[in-house]
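Close look at the chain arrangement
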Amino acid sequence: LRLGVSYGQDKRTYQIREYADVEDDVFTLSADYNSSLFQLHGAWTSLDRKPGDSAGGDGTPRYLLGISTDITERKRHILSGIATFTPTAKLAISLNGARIENEFAESVTGLLEQSFDTFGVDLTYAANDKVNLMAGYVYEDYFFDMAAAYIPRGLQPPYDPANLWGNQTDDKVDTFR
């Protein structure tokens, strides 16, 4: 049995982004167990991203895509696990799964929430020293919740709540291998 705990902090500074710096706090718990019949691995990770001070000027980002890429406030949780059963020297059955959730700060436009779920099973058979046969299946579910708005041009465009809209997408994928 092996248990693990880790904490890390990543600080980055930018010169062409909306914010001058971004700080990520990452905390992970993990566990592994091995025996002659099965192996288990599980992990949980939490990321807390906080943008720092404004880069200055009038508050307008100098690189507009910087708002939606790596500087946004975010909370991410990742839960993953794999279990491999080896009932014989020639047969292995693996079950795996993961869930990733991202929560973003409320905004008029941009990504508000996203999640990814995957579940899979693999079967491996070692026919001999030179031939291995493998089959597997993976189910994936992707969810995105976005906010958008139509904002007319002008110095002081009128605020109209009817111009706010959102988009929720839920994609499901089956993969056979």
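Residues numbered from 1 in each chain as written. Predicted model: local features only at pLDDT ≥ 70, side-chain atom pairs only at ≥ 80, totals over all residues. Heavy atoms only, no water.

1. Quick notes on the overall build of the chain
Short version of the rule: Elements are defined by DSSP. Helices are runs of H or I of four residues or more, strands are runs of E of two residues or more, and each kind is numbered from the N terminus. Note on classification: 1.4 Å probe, protein chains only; a residue is buried when its accessible area is under 20% of the maximum for its type, exposed when over 50%, partly exposed between these limits. For this analysis, residues touch if any pair of their heavy atoms sits within 4.5 Å. Per-residue and other accessible areas were derived by the Shrake-Rupley procedure at a 1.4 Å probe size, with only the shown protein chains allowed to occlude residues.
Counting its regular elements, the chain contains 0 helices and 8 strands. Sequence-ordered secondary structure for the chain, helices as α and strands as β, is β-β-β-β-β-β-β-β. Here the chain holds 177 residues, and the buried ones make up 21% of them. Long-range contacts, defined as pairs at least 24 residues apart, comprise 55% of the intrachain contacts of the chain with a sequence gap of at least 6. Total accessible area on the chain stands at roughly 12100 Å², and carbon and sulfur atoms take up 59% of it.

2. Describing the packing of aromatic side chains
Defined as follows: For Phe, Tyr and Trp, rings pair up if their centres lie within 6.5 Å, where Trp contributes its six-membered ring, and each pair is then called stacked (planes under 30 degrees apart), edge-to-face (over 60) or tilted (otherwise).
Under the counting rule described, the total for this entry stands at 6 aromatic pairs. Each ring, one from Phe-27 and one from Trp-44, has its centre 6.2 Å from the other, and the planes form 70°; the classification is edge-to-face. With Phe-27 in strand S2 (residues 21-34) and Trp-44 in strand S3 (residues 38-51), this residue pair connects regions lying 17 residues apart in the sequence. On the basis of relative accessibility, which here comes to 30%, the residue Trp-44 falls in the partly exposed class. Measuring from centroid to centroid gives 4.9 Å for Tyr-137 and Phe-176, while their planes differ by 45°, and the two rings are tilted. Placement of the pair is Tyr-137 in strand S7 (residues 132-149) and Phe-176 in strand S8 (residues 164-176), with a sequence separation of 39 residues. The exposure class of Tyr-137 is partly exposed, given its relative accessible area of 24%. A relative accessible area of 65% means that Phe-176 is categorised as exposed.

3. Considering the sheet that holds strand S5 (residues 91-104)
Here is the rule we go by: Here, any two strands with at least 2 DSSP bridges between them count as paired. Note on geometry: axes are C-alpha line fits, over the in-contact stretch for helices, and angles between N-to-C directions span 0 to 180 degrees.
If you walk across this open sheet you meet the 8 strands as S1-S2-S3-S4-S5-S6-S7-S8, and the pairing is antiparallel. A strand with exactly one partner marks an edge of an open sheet, and here the two such strands are strand S1 (2-13) and S8. Neighbour-to-neighbour, the strand axes of this sheet turn through a mean angle of 5°, independent of strand direction. For S2 and S3, the ladder comprises 13 bridges, and the chain directions are antiparallel. Considered in S3, the bridge of Asp-25 is made with Asp-48.

4. Quick notes on the side chain of Thr-28
The condition that has to hold: Think of a polar contact as two N or O atoms within 3.5 Å of one another; within protein, one of them needs to be a possible hydrogen donor and the other a possible acceptor, and neighboring residues in sequence only count if both atoms come from side chains.
Mapped onto the elements of the fold, Thr-28 is located in strand S2. Of note is the side chain of Thr-28, whose polar atom sits 3.1 Å from the side chain of Thr-45. Setting aside anything within four residues of it in sequence, one finds Thr-28 in contact with Gly-4, Val-5, Ser-6, Trp-44 and Thr-45.

5. What about a nonpolar patch on the surface?
To be explicit about the condition: The residues that make up patches have over 30% relative accessible area and no salt bridge, and they are joined within 9 Å when like-charged or within 5 Å when they are Val, Leu, Ile, Met, Phe, Trp or Tyr. Every case where a carboxyl oxygen of Asp or Glu lies within 4 Å of a side-chain nitrogen of Lys or Arg is listed as a salt bridge.
Together, Val-5, Tyr-7, Phe-27, Leu-29, Trp-44 and Leu-79 line one region of the surface with nonpolar side chains, adding up to about 590 Å² of accessible area. Those elements that provide at least two residues to the nonpolar patch are S1 and S2.

6. Considering the pairing of strand S4 (residues 74-88)
Bridge count for S3 against S4 is 12 bridges, and the pairing is antiparallel. For Phe-38, the partnering residue across the bridge sits in S4 and is Phe-85. Two strands pair when backbone bridges link them, and S4 and S5 are joined in this way by 13 bridges, in the antiparallel orientation. Note on S5: the bridge partner recorded for Thr-88 is Leu-91. Counting the residues that bridge the hairpin from S4 to S5 gives 2 residues.

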